[in-house]
Amino acid sequence: MADPSKIKFLVVDDFSTMRRIVRNLLKELGYVNADEAEDGAVGLQKLKGGGYDFVVTDWNMPNMDGLQLLKAVRADPALKHLPVLMITAEAKKENIIAAAQSGANGYIVKPFTAATLNEKLAKIFEKLEGTSA
Amino acid sequence: MAKPINFDESGDSQDLQSLFDSIAAGAGTAPPPEAAADSAADNSGDSADLQALFDSVMAQQAPASAPEQTSGGGEVFQRIGHLTRELHNSLRELGFDQMLGAAAKTIPDARERLSYIAQMTEQAASRALNAVDIAQPIQDRLKSDSELLGARWEKVFTNQLSVEEFKALAADTHGFLRRVPEQTQATSAQLTEIMMAQDFQDLTGQVIKKVVDMAQTMETQLLKLLVEVMPEDVRAETPSGLLNGPVINALGRSDVVTSQTQVDDLLESLGF
């Protein structure tokens, strides 16, 4: 498993409180390298700038929502390999299916626990290592 | 329309005026033959301003830059203008315009209250998170210091330390024990701060109750109005899309999940 502190996260959510909470949780798990964006459009710009290894995003945001961001990431040859974990209050089955079909690597529904975040991150990293090994 | 409405004549509130202003700003239509008939309608009791507004809605030319406008689009705007006029008359005759006006007036108040709630909850969240940022490092240091000392004491019980080293360990341990109460006190203080930060709930709870009451009143009044105004066949169910926010009440719903386990099961069943 790669050194957690080397993995650069982008946390995308329109509520600063939630961004702070997610960053704190990531820090406790050893992922100390994290940047933030307040909507999908800002997030996409940052991603296009390069250097990011993982995206954690909300769904319901102004300017560009999480699903649109996910699709944009998957459509960009330079970004499509990035793991995208959705953390959102959207709980319709329709949402979950749409996210999965658009290429989300994980879906966490709010409110969530630190243990759930840890579990989903581990699962994603496991799968990534499986394919790159 | 900058001139103030004459309240005495038509009884139209400022809010209804703004509504018609926005229709006028967005509409673009060819002048219909009925414009002449409408301008003779001053005896209906409408103010001169409102009458002129209706005339201007009817009389505006369709701009060439509107991309999807065909001659059909122009006709639609005409008819909307007519309907709006008729609706306005009906509302006034039924007395609903006063009610809508009163309801609309409560909206800015509700906006203010909701802004207050957003502000209070954000402040509380900040306070709590700041307290965590202060307390967490204290806990981390306690943990690492005690682990280091613990490791050295292990060596004592396996006879791996010299007398000099043991004396040094005793001094370090003594120092550590003297520092602990101060650090736990500091953490307790932050825990108290987190507790106190929850005081917003009392204030926001009261304000939320007021907004709920107001929304309930508005809903009842608007529903009464809608039911009277809208024909049966126009009442359609619009799909709610993918931006719904958190599920407040899942009772009776089969289209939502209520736990992370259900999310995981759904994804697994689809092969994800």
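Not measured: the values here are computed from a predicted model.

Student: Before we move on, could you go through the overall build of chain B and cite the residues and values that matter?
Tutor: Per the secondary structure count, chain B includes 9 helices and 0 strands. Along the chain direction, N to C, the helices and strands of chain B fall in the order α-α-α-α-α-α-α-α-α. By residue count, 9% of the 272 residues in chain B fall in the buried class. Partitioning the contacts of chain B with sequence separation of at least 6, the portion at a separation of at least 24 is 77%.

Student: Could you give an account of the interface of chain A and chain B, naming the residues involved and the relevant values?
Tutor: For interface size, the figure often reported is the accessible area lost on association. The partner chain B presents 18 residues to the 22 residues of chain A that form the contact. Those elements that place two or more of their residues in the side of chain A that touches chain B are α1 (16-28), α4 (93-101) and β5 (106-109) of chain A. The element that contributes the greatest number of residues to the side of chain A that touches chain B is α4(A), accounting for 7 residues. Of the residues assigned to the side of chain A that touches chain B, the class counts are 11 nonpolar, 4 polar and 7 charged.

Student: Any chance you could break down α1(A) for me, citing the residues and the numbers?
Tutor: All names here are of chain A. Between its terminal C-alpha atoms α1 stretches 18 Å, which fits the 18 Å expected from 13 residues at 1.5 Å a residue. All of the buried residues along α1 are Arg19, Ile21, Val22, Leu25 and Leu26. With its buried residues spanning 165° around the axis, α1 presents them on a single face. Downstream of α1 by one or two residues, glycine 30 has phi in the positive range, about 100°.

Student: Describe the sheet that holds strand β4 (residues 84-88) of chain A, and please don't skip the residues or the numbers.
Tutor: Residue and element names in this part refer to chain A. With respect to topology, 5 strands assemble into an open sheet ordered β2-β1-β3-β4-β5, the strand pairing being parallel. With partners counted over all chains shown, the strands left at the sheet margins are β2 (34-37) and β5, one partner each. For this sheet, the mean inter-axis angle between neighbouring strands, taken without regard to orientation, is 20°. Sheet topology note: the β4/β5 ladder contains 4 bridges and is parallel. Bridged to isoleucine 87 within β5 is isoleucine 108. Seen against the sheet, helix α3 (residues 66-75) touches β1 (9-12), β3 (54-57) and β4 and runs at an angle of roughly 175° to β4.

Student: Tell me what's going on with the packing of helix α6 (residues 96-157) of chain B against helix α7 (residues 163-197) of chain B, and back it up with residues and numbers.
Tutor: Residue and element names in this part refer to chain B. Where α6 contacts α7, the axes come no closer than 9 Å and their chain directions differ by 160°. By the criterion of interaxial angle, the relationship of α6 to α7 is roughly antiparallel. Both α6 and α7 take part in a crossing whose hand is left-handed.

Student: Explain α3(A) to me, using residue names and the numbers behind them.
Tutor: All names here are of chain A. Within α3, the full set of buried residues consists of Gly66, Leu67, Leu69, Leu70 and Val73. Down the axis of α3, the buried side of the element spans an arc of 160°, and every buried residue falls inside it. Elements that come into contact with the buried residues of α3 comprise β1, α2 (40-48), β3, β4 and α4.

Student: A description of unusual backbone geometry should follow, citing residues and the corresponding values.
Tutor: The step from Lys110(A) to Pro111(A) runs through a cis peptide bond, and the omega angle for that step is -5°. Residue position: Pro111(A) is located in the loop between β5 and α5 (114-132). With a phi angle near 65°, Asn63(A) is a residue other than glycine that sits in the positive phi range. Position of Asn63(A) relative to the elements: it lies in the loop between β3 and α3. One non-glycine residue, Asn159(B), lies in positive phi territory at about 55°. Tracing the chain through its elements places Asn159(B) in the loop between α6 and α7. Judged by local crowding, Asn159(B) falls into the exposed class, with 6 C-beta atoms found within 10 Å.

Student: Which residues make up the nonpolar core, and what values go with them?
Tutor: Judged by nonpolar contacts, the single largest core of 38 residues is most densely connected at Phe9(A), Leu10(A), Val55(A), Val56(A), Met86(A) and Tyr107(A). In this structure Leu10(A) touches Asp35(A), Ala37(A), Gly43(A), Lys46(A), Leu47(A), Tyr52(A) and Val55(A), once residues within four positions along its chain are discounted.

Student: Lay out the pairing of β5(A) in plain terms, naming residues and giving numbers.
Tutor: Every second residue of β5(A) is oriented toward a common face, with Gly106(A) and Ile108(A) on one face and Tyr107(A) and Val109(A) on the other, all of them buried. Crossover connection from β4(A) via α4(A) to parallel β5(A): handedness right-handed.

Student: Describe in detail the confidence of the model for chain B, supporting the description with residues and values.
Tutor: Residues and elements named next belong to chain B. Here chain B shows a mean pLDDT of 78. Residues at 70 or above account for 73%. Mean pLDDT values over the elements of chain B span from 41, in helix α3 (residues 35-39), up to 95, in α7. In this model, residues 1-9 is a region of pLDDT below 50 whose contacts with residues beyond four sequence positions or in other chains number 14 contacts. This model gives residues 27-43 a pLDDT under 50, and the stretch forms 34 contacts once residues within four places in sequence are excluded. Taken together, the chains of this predicted complex give a pTM of 0.65 and an interface ipTM of 0.82.

Parameters at a glance
- All residue numbers here refer to positions counted from 1 along the written sequence of the relevant chain.
- Chain A is the first chain written and ligand 1 is the first ligand written, with later ones labelled in order.
- Residue-level local features of this predicted model are given only where pLDDT is at least 70; pairs of side-chain atoms are given and counted only at 80 or more, and the full residue set underlies all totals for whole chains, interfaces and linings.
- Note on conventions: DSSP H or I runs of at least 4 residues are helices, E runs of at least 2 residues are strands, and numbering of each starts at the N terminus.
- Around each residue's C-beta, the other C-beta atoms within 10 Å are counted; 20 or more make the residue buried, 12 or fewer make it exposed, and counts in between make it partly exposed. All C-beta atoms are placed from the backbone.
- In this description, a residue-residue contact is defined by the distance between C-beta atoms placed from the backbone, which must lie within 7 Å.
- Classification used: nonpolar for Ala, Val, Leu, Ile, Met, Phe, Trp, Tyr, Cys and Pro, charged for Asp, Glu, Lys and Arg, polar for all others including Gly.
- Given the number of residues in a helix, its expected span is that number minus one, multiplied by 1.5 Å.
- Each C-beta atom gives one direction from the helix axis, and the arc is the one those directions make.
- In short, DSSP must find at least two bridges between two strands for them to pair.
- In this analysis, axes come from line fits to C-alpha atoms, helices being fitted only over the stretch in contact, and the angle between any two N-to-C directions falls in the range 0 to 180 degrees.
- Orientation is classified from the angle alone, with under 35 degrees giving roughly parallel, over 145 giving roughly antiparallel, 65 to 115 giving roughly perpendicular, and any other angle giving oblique.
- Crossings are classed by handedness, with left-handed meaning an anticlockwise turn of the near helix from the far one by less than a right angle and right-handed meaning a clockwise turn.
- Residues enter a nonpolar core if they are buried, belong to Ala, Val, Leu, Ile, Met, Phe, Trp, Tyr or Cys, and are joined to the set through C-beta atoms within 7 Å.
- Here is how to tell: hold the view so the strands point away, follow the path from the first strand over the helix to the second, and if it runs clockwise the crossover is right-handed.
- As a per-residue measure, pLDDT tells how confident the predictor is, with possible values from 0 to 100.

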